[in-house]
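# Architecture and fold: a report
One-letter residues, chain by chain:
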Amino acid sequence: GQDLFVDVAELVEWTDLKPGVPFEGARVVHDKNALMRFYGERGYLEQRYFEDERAGGARFLEPDVVYDWQAHEVHVTYRLVQGRKRFIGEVKVNGNTFTHDKIIRRELDFMPGDLANIRQIERGLARVRGTGFFEDLYDPTHIPPVVVFQTDEQDPDTIDVEYRLSEGRVVDFNISGGVASDSGLVGLITLSMRNFAIANPPSGLFSAPGEIYRKEAFHGNGEQFALDLSPGSVVSFWRVMYAFPDVFGTHHNRYMVRSEALNRERRHISHDEEKAQASLTVARLFGAGDFSLRVGPRWNSIRIDGLTDPSGSPSTLLNSVGTTDLRGVSLALRYSQLDNRMSPREGSHYRWGNTFYGGALGGDQSFLKTEFEYDHYFLLGDDTEDLRPGFYLGAAAGVSQTFGDTYQVHYSERFFLGGTSLRGFDYRGVGPMKGRYALGGETMARATIEYRHPIYSTPIAGTSRRQEMFRFLIFVDAGMLGLDQWSLHADDVRASVGFGFGLVKPLPLTFNFGFPFIDQEGDRGETFSFSIDLFR
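Below is a short write-up of the structure. The structure displayed is predicted, hence computed values, not measured ones.

## Regarding the packing of aromatic side chains
Throughout the structure, instances matching the rule amount to 29 aromatic pairs. Each ring, one from Tyr357 and one from Phe367, has its centre 4.9 Å from the other, and the planes form 40 degrees; the classification is tilted. Within this pair, whereas Tyr357 is found in strand β14 (residues 347-357), its partner Phe367 is found in strand β15 (residues 367-379), the two being separated by 10 residues in sequence. For the pair Tyr357 and Phe367, a shared accessibility class is recorded, and that class is buried. Here the aromatic residues Phe470, Phe472, Phe499, Phe501, Phe511, Phe513, Phe515 and Phe528 are joined through ring pairs into a cluster of three or more.

What follows is the structure in structure tokens.
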């Protein structure tokens, strides 16, 4: 056969089946995927991606297996069809009836003439899926995006890469109700447009609903618009958000602008709090957007009143009573390589954020709030399987440093743990405490490890694949708060272990059962926590 373009010894390094290990079918499947991935990242694309059966792509043939029954050994010879080394010709986008081509192309980090690297091509597909523009969780017949390769008889070393799409549901108008352990009973009126186009208005007022529904108006330019209104028994809020993802139309290395205004009222066990906030963010996205730098001003007006126990309230709360004006500027760095932005299963996300309040900017307090977040997802088992168990690892840390005439950070801007951030403990139920009220910290660190196992799935329309719908999870959470800046101590650690059940699609619903195994006197426990949305 054809000579291999790499030495056999190098290929063997990628295999699980080696001398001395048991001969198992799972190892052969692993090796097939590993070798095809090795070839695919070097331009030798696997045949299964090609439309033409005569394309001559790389293939993993049935291995030759010779059994030596006396020696209890198996001699295995892997047989490969290497195929051709391919380069990218044309990049095609089909099926985006209303969405501009540029919206899809800016998610791709390869160009015509580049070596055809299957990792880059599949990462582009994951980014396109992750936009949510071509998904419809409420339509079981909707076919998600796929990628296929086409060959040119005149130039067999060049392939065209075609992304086939179907416009999804990107306009969501919902009137819903729900209840959550952290926020009580809530109602929610939401208008969300994930593929918005402000420069494409309807032709008339009365025709607007139909044109928006048919994606003929306010659709196709990748902008985002959201309007939320939520009255509730514990939390009430409204929010307006608009984002333009590519101000100068550069596709790659682009600039994004995002503006947001919100107002949130919350009844705590110790007091009532209202926060009005406005922000403007300018982001520089490098490459296809994996790495970004974000900067912009923000303004907060915070009112604290209605203390339920003035004599027993912590000093951190008493010193924040009244209305406080915070003026600041934020600077954040983000790096993300998640397989899906909306529902990640593999990949990592990093965020380092800083907000500088006061000083020359004015306002009632001066401090610098720094936060770091890390999320990592990975799956177990063979990557040819659609449903695989996996792990989620998360970590976060933060510190607020005062300066000028500010000696203590405002109560609403302090760090708290408990509820969803540290399961097994009540919302803001982790000390330091004064009586039953949390003082909050100027320093925080937390981490979680979560094992996720799919227990129910449904078919994906138009494919032989399946998607996860319901999962079982086991978790360990840990965290600590320091009352003052840079003041964490080992004695401050709290930790819990637990399990839960989660509905993945189409509605987020999670039940958690947490059990603290490291706690301190005064902490408030909460074994059962949940979050549910009931749409009508």
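## Brief notes about the layout of surface pockets
Taken as a whole, the second largest pocket holds about 640 Å³ of empty space. The wall of the second largest pocket is formed by 22 residues, among which Leu17, Lys18, Val76, Thr77 and Tyr78 lie closest to the centre. The set of elements that each furnish at least two residues to the lining of the second largest pocket consists of α1 (8-12) and β2 (73-81). Considering every element that reaches the lining of the second largest pocket, the biggest residue donor is β2, with eight residues.

## A closer look at empty space enclosed by the protein
One pass over the full model with this rule turns up one cavity of 30 Å³ or more. In this structure, the largest cavity spans a volume of roughly 110 Å³. Lining the largest cavity we find 13 residues, and of these Arg345, Leu379, Gly390, Arg452 and Arg471 sit closest to its centre. The set of elements that each furnish at least two residues to the lining of the largest cavity consists of β15, β16 (390-402), β20 (443-459) and β21 (466-482).

Analysis parameters
- Residues numbered from 1 in each chain as written.
- Predicted model: local features only at pLDDT ≥ 70, side-chain atom pairs only at ≥ 80, totals over all residues.
- Heavy atoms only, no water.
- Phe/Tyr/Trp six-rings, centres within 6.5 Å; stacked < 30°, edge-to-face > 60°.
- Helix = DSSP H or I, 4+ residues; strand = E, 2+ residues; numbered from the N terminus.
- Buried < 20%, exposed > 50% of the residue type's maximum accessible area, 1.4 Å probe, protein only.
- 1 Å grid on protein atoms, 1.4 Å probe; cavity = no way out; pocket = protein on both sides within 12 Å on 5 of 7 lines; lining within 4 Å.
- Points joined across faces, edges and corners; volume = space filled by probe spheres on them.

By themselves, these are just geometric observations and shouldn't be taken as functional.
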